[in-house]
Structure formats: C-alpha cells, structure tokens
Amino acid sequence: MVKRPVRAVTGAHYGLRDWLAQRVTAAVMAIYTLMLAGVLLVSPPQDYASFKTLFDNQWMRVASFLFLLSLFWHAWIGMRNILMDYIHAAGIRLILEILVILSLLSYAIWSVEILWIGEG
Amino acid sequence: MKFSIYRFDPDKDEKPYMQDYEITLEPADRMLLDALIRIKTVDDSLSLRRSCREGVCGSDAMNINGRNGLACITPVKGLREPVELRPLPGLPVIRDLIVDMTQFFKQYHSIKPYLINDDPPPETERLQSPEERAELDGLYECILCACCSTACPSFWWNPDKYVGPAGLLQAYRFLADSRDQATAERLDYLEDPYRLFRCHSIMNCTDVCPKGLNPMEAISQIKTMMTKRTI
C-alpha cells in the first residue's frame, strides 16, 4: 500500500513561468498600445473605410493578434490568481478555472475571425 | 488622552467590542506602550504582550489607528484621537490585543530558518568576506513581529499556504547567505504558486515594517534567483 505523504516537501514546481509571462505579456500590450496610439495620432482614420484599410495591413493584423493573445494569456494568469486568492474549495476553483480557459480560448478564436475572416 | 481599544475575553464575552478609555499621561509616557501600561493601572483586565519595550522583541505588534506597528516605538504624540487599537488583523484573537501566532510561525519554520551546510564545522567560524556579510543587511534585522504578514491580504486569504512576507524575507536571508549550501532545495521548496507567488507586490509589508525593512524587495530577489536558474 502506498503511504500518503504527510506534507508536500517540495514546491509545485510552477508559478515562476506564469509570473514571468504576466510581465512579458504586459510589456507586449504596453508596446502595442503605444504603437496604436502613435498610428491613430499621426493619421487618425476619418471613417469606417479608412479604419478598415488600416487593418488590411498584415503587419497590423499580426501585431493586433499578438496583443490580443497577450491580453488573453495575461487575463488567464490574473483570473487564476484571483480564484486562488478567494475561492478555497478546490472543486469549484477547478470548474471556474476551466470556464475562464474556455472563455479566453473562444475569444482567441473570435479574434482570428474578426481580424482575418470576417468581411462584413 | 482618548483611546478606543478592542476587547475580547472568550471566557466572558460573546463577541468582541470596543472599549473607550480616557487617561492622563505622565511626562515620561512618550510611547504608546507607556500609555497602555498607564491604562493597565486603571483597568488591569486589558491584555497585551510586551517584553523588551524598545522595538527589539516584537511582542507588542498591534493595529494602531488602522496601521500595524509596535506600540513601544510608536510615539503617542501625533496619534489621532481616539487612538483606535486592535489586534493584528487576520490572526485568531486569544484575548484583547493578543493573537495566536501559530500559523505565522508555522510558515516561518517551513522555510528552514537556519544555516544548512554539510561541510564539517571548521576549527573557528565559517568566515565571510565583508561583501558577503553585507548581503545580509536589511534581512537579519527582522524581529518576527508579524506586522508585515498580517498587513498582507494574500496572507489573510491563504495563511496556511502562503509563506507571507516575514517568512519569505527570512527565506531570502538564508538564500543570500554565502555559508548556506541549500540554495537549490530552498528554491525548489518556494517554487510554488501558493508559497511564493501569492505575492502580488502590493507592498503593504514594506509600508508597515517597524524596522524599516523591505520584504517585497527580498521576495523580488527570490523571484530573480528563480528566473536566473530557469531561463
């Protein structure tokens, strides 16, 4: 019979990567925000057509997509932190974490749809 | 001088209440602890811990006008009246201003707060260069009064899992010690979303430390050490 360990003698071996990713994604979002602000200041789109032209540029789409992925990843780390802080029942926490992941994945798919597929 | 003090005696009271006191201070009553001793001459049922009365033992940590601090080194002059005194937040109250520190010390012991060195002890001391010794400045001065950990929301929500600023400052004190050989084991133990990464860098710990230490900086140093061995 396997004896149950009395206490965890070592760490869960994760946490650092999330902490680092939170900082990196924040930097990506900050850079994109500054870039977008610069573009909007230099040549503010006058109407929907010119706004759409701005996003016809592939680089703009890739940068926007990187921004959105950073946002979702950042949101995942932040949301899980909130859940770890306040939701102490492990079962409920797991369910909420899964819901957060599924929502963010849906948003990521939706972003692809908006940036590349949607031609409304 | 007017005081409003948290009172709770589990043998008599159903729930805690605030009791008002008005006392005349003597000229020698300069610190809050002096005032509390003065109050005890009027009402000896008021319970609090104190020992060295000079900010070294860390016994008389309490919440003073909403801010954690040591009564013995807090001047009464300048305190807003009525001075509202409560036990340290987040820990179970034993009586009045006395809290149960079991959880706090459990976290402190969890980080193995002692030198780990498997080399046979030398004839004299394990020597350090002045630079190596300087690494411990700002760390060894901690008196474990618990002002920082009990000001930390992450410690309030997860006192059983999060080591807390005091414990983490001590953890870094041994990580930074040139004589300690258990760096990898210590980092392994701390690499955990609860033990270390509940710290969200809100700096309440650094704000309240009555010894002027910076637990958040120590926590950042631990994260840096971890990053360096990972990337």
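Residues numbered from 1 in each chain as written. Chains lettered and ligands numbered in written order. Predicted model: local features only at pLDDT ≥ 70, side-chain atom pairs only at ≥ 80, totals over all residues.

- As recorded in an unreviewed UniProt entry, chain B goes by Succinate dehydrogenase iron-sulfur subunit and comes from Nitrosospira multiformis.

- You'll find chain A entered in an unreviewed UniProt entry as Succinate dehydrogenase hydrophobic membrane anchor subunit, with Nitrosospira multiformis given as the organism.

### A short note on the overall build of chain B
Then comes step 1: Across its full length, chain B carries eight helices and seven strands.
Then comes step 2: Each of the three principal axes of chain B carries a C-alpha extent, and together these read 60 × 35 × 30 Å.
Then comes step 3: Relative to its full complement of 231 residues, chain B shows a buried share of 37%.
Then comes step 4: Taking the contacts inside chain B whose residues are at least 6 apart along the sequence as the reference set, 65% of them involve residues at least 24 apart. (Helix = DSSP H or I, 4+ residues; strand = E, 2+ residues; numbered from the N terminus. Buried ≥ 20, exposed ≤ 12 C-beta atoms within 10 Å, placed from the backbone. Contact = placed C-beta atoms within 7 Å.)

### Quick word on the UniProt feature "binding site: heme" (unreviewed entry) in chain A
Residue and element names in this part refer to chain A.
Then comes step 1: Feature annotation in UniProt places "binding site: heme" (unreviewed entry) on His74, given in this structure's numbering.
Then comes step 2: Its location among the elements puts His74 in helix α3 (residues 58-86).
Then comes step 3: With residues up to four places along the chain from it excluded, the contact list for His74 reads Gln22, Thr25, Ala26 and Met29. (UniProt positions renumbered as here; feature names shortened; annotations may be inferred.)

### Examining the nonpolar core
All names here are of chain B.
Then comes step 1: If you look at the biggest cluster of nonpolar residues, it comprises 58 residues, and the most contacted ones within it are Leu168, Ala171, Tyr172 and Ile222.
Then comes step 2: Those elements giving two or more residues to this core turn out to be β1 (2-7), α1 (32-42), β3 (61-64), α2 (102-110), α5 (164-175), α6 (183-190), α7 (204-208) and α8 (215-230).
Then comes step 3: Each of domain 1 (2-99) and domain 2 (102-230) contributes no fewer than three residues to this core.
Then comes step 4: With sequence-adjacent residues up to four places away left out, Ala171 is seen in contact with Ile111, Val163, Arg186, Leu190 and Ile222. (Core = buried A, V, L, I, M, F, W, Y, C linked by C-beta atoms within 7 Å. Domains from an automatic or database assignment.)

### Structural notes on the UniProt feature "transmembrane region" (unreviewed entry) in chain A
All names here are of chain A.
Then comes step 1: Residues annotated by UniProt as "transmembrane region" (unreviewed entry) correspond here to residues 20-42, 62-82 and 94-117.
Then comes step 2: This span, residues 20-42, is 100% helix and 0% strand, and a straight line between its end C-alpha atoms measures 33 Å.
Then comes step 3: Across residues 94-117, the secondary structure splits into 100% helix and 0% strand, with the terminal C-alpha atoms separated by 33 Å.

### Considering the packing of α5(B) against α6(B)
Residue and element names in this part refer to chain B.
Then comes step 1: Two numbers describe how α5 lies on α6: the axes approach to 10 Å, and their chain directions differ by 155°. By the criterion of interaxial angle, the relationship of α5 to α6 is roughly antiparallel. Like other packed secondary-structure pairs, α5 and α6 cross with a definite hand, here left-handed. Where α5 approaches α6, its residues Ala171, Phe174 and Leu175 are matched on the opposing element by Thr183, Arg186 and Leu190. (Axes fitted to C-alpha atoms, helices over the stretch in contact; angles between N-to-C directions. Parallel < 35°, antiparallel > 145°, perpendicular 65-115°, else oblique. Left-handed = near helix turned anticlockwise from the far one by under 90°.)

### Quick notes on unusual backbone geometry
Then comes step 1: For the peptide bond that leads from Glu81(B) to Pro82(B), omega is -5°, which places it in the cis range.
Then comes step 2: Mapped onto the fold, Pro82(B) is located in the loop between β4 (67-70) and β5 (83-86).
Then comes step 3: Positive phi values are uncommon outside glycine, yet His13(A) reaches one of about 60°.
Then comes step 4: For His13(A), the position within the fold is in the segment before α1 (16-42).
Then comes step 5: Phi angles above zero are rare outside glycine, and Lys112(B) is one such case at about 55°.
Then comes step 6: As for its placement among the helices and strands, Lys112(B) is situated in the loop between α2 and α3 (130-134).
Then comes step 7: Residue Lys112(B) is classed as partly exposed on the basis of its 16 C-beta neighbours within 10 Å.

### Structural notes on α5(B)
Residues and elements named next belong to chain B.
Then comes step 1: Look at α5: 16 Å from first C-alpha to last across twelve residues, which is about the 16 Å you get at 1.5 Å a residue.
Then comes step 2: With twelve of twelve residues buried, α5 is to be regarded as a mostly interior element.
Then comes step 3: Turning to α5, the residues buried within the fold contact α2, α4 (153-157), α6, α7 and α8. (Expected span 1.5 Å × (residues − 1).)

### Quick word on the confidence of the model for chain B
Then comes step 1: Here chain B shows a mean pLDDT of 96. Residues at 70 or above account for 100%.
Then comes step 2: For this predicted complex, the interface score ipTM comes out at 0.85, while the overall pTM is 0.91. (pLDDT = per-residue confidence, 0-100.)

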